[in-house]
Amino acid sequence: MAAMKHGYEYWYWYDTEVPYEVWYAGKYPVRIQEIVSTGKLSKLEHFETDEKVRTVSLFGEVWGIGPATALKLYDKGHRTLDDLKNEDSLTNAQRLGLKYFDDIKTRIPRHEVQEMEQLLQKAAEEILPEVVVICGGSYRRGKASCGDMDIVITHPDGKRLINLPSSSSNIGFLRKYVKHLKDIKFLREDLIFSIHSEEDTDTGVDTYFGLCTYPGRELRHRIDLKVYPRDIYAFGLIAWTGNDVLNRSSPRPGRFRPSLEVSFRPCLKVSSYQSYALLPEESGTWELKVYAQKSYQSVTPHWVK
DNA sequence: CGGCTGTACTG
DNA sequence: CAGTAC
DNA sequence: GCCG
């Protein structure tokens, strides 16, 4: 019953949009015919009511627990989230995911996200003047409430380390920023913390995943902080504004993949298999547009006056 | 013409 | 490396 | 339907 991550069953169960059906029609003619004609699959009729299925998917909702771990926990005899609290094989992150299960699931009203974005911007400027802090994700897509906060950070001088080792304003920023946010009790628990900008081995994106609280409250929210070098910032912002379908663009036929265009010179050709391309520094101002899901998303650098 | 995002952490 | 997350 |  477990959904295979890379197996066709996965797509077949979880995404039955027409393009898939057409695409996979050759492989699953009978089942797909039934889905197309009746809108469902009789074989899966009792799927959601099955105890094992329900329990395993509940466990899978805990941050840090995926299908494999969820299944193992079920096989060990666990049946409720309370049971899991006594399981010593859980990782630190999974413990936190469990402890704050309800908190994390609680959606954040838009106006609170807006306040926290301002708080984050102010706190960041105290450490690094002119730093740019933007809340992406569903907030930037205009939703009335958000499940978490995706914070994308850059600095006009934040060059890529491999290009300009000594003048990278983003280097070391995240470490200080996280410490400061913990001092003021905004950040509460860490899930993942990875610093790359201090070495020259990778893309130079620093990332923090953790839990935060709205000022004066104890309710935990998921928050991601990402610090981008300026030259790939636009792509970071696009990626973390999403939505998921746009970014990961799913294994769909190419016509659904995002196509990129830059409205101001130079012309930018971005391979759909490439996660980012470089924007020339000397091009003055620019706008990056992404067309996907029948609408445009655009990015302009915030430091352009 | 087959194959279908890409990358990094934790343990 | 497997499992997980974005 | 686009990429390698």
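Going by what an unreviewed UniProt entry lists, chain A is known as DNA polymerase and is assigned to Camellia sinensis var. sinensis. Annotation of chain A in UniProt includes, under Sequence similarities (unreviewed entry), the sentence "Belongs to the DNA polymerase type-X family." Looking at the Catalytic activity (unreviewed entry) heading of the UniProt record, one finds this comment for chain A: "DNA(n) + a 2'-deoxyribonucleoside 5'-triphosphate = DNA(n+1) + diphosphate".

**Q** I tried to follow the side chain of K226 on my own but got confused; where do I start?
**A** The residue K226 is located in strand β7 (residues 220–227) in this model. In this structure, K226 is in contact with D150, I151, V152, I153, D206, T207 and W240, ignoring residues within four places of it in sequence.

**Q** Looking at this model, I keep getting lost on unusual backbone geometry. Mind explaining?
**A** Most peptide bonds take the trans configuration, and most residues that are not glycine carry a negative phi. Positive phi, close to 75°, is recorded for E130, a residue that is not glycine. Of note in this structure, K185 is not a glycine but carries a positive phi near 60°. In this fold, K185 is placed in the loop between α11 (173–183) and β5 (187–194).

**Q** Explain α11 here, please?
**A** Note on helix geometry: an α-helix contains 3.6 residues per turn, so any two residues three or four positions apart are oriented the same way. Listed as buried for α11 are F173, L174, Y177, V178 and L181. One side of α11 carries all its buried residues, which in axial view fall inside an arc of 120°. Facing away from the buried side of α11, by more than 90 degrees, are the exposed residues K176 and K179. Looking one or two residues past α11, K185 carries a phi angle of roughly 60°, positive in sign.

Rules of the game
Residues numbered from 1 in each chain as written. Chains lettered and ligands numbered in written order. Predicted model: local features only at pLDDT ≥ 70, side-chain atom pairs only at ≥ 80, totals over all residues. Heavy atoms only, no water. UniProt positions renumbered as here; feature names shortened; annotations may be inferred. Helix = DSSP H or I, 4+ residues; strand = E, 2+ residues; numbered from the N terminus. Contact = heavy atoms within 4.5 Å. Buried < 20%, exposed > 50% of the residue type's maximum accessible area, 1.4 Å probe, protein only. Arc of directions from axis to C-beta.

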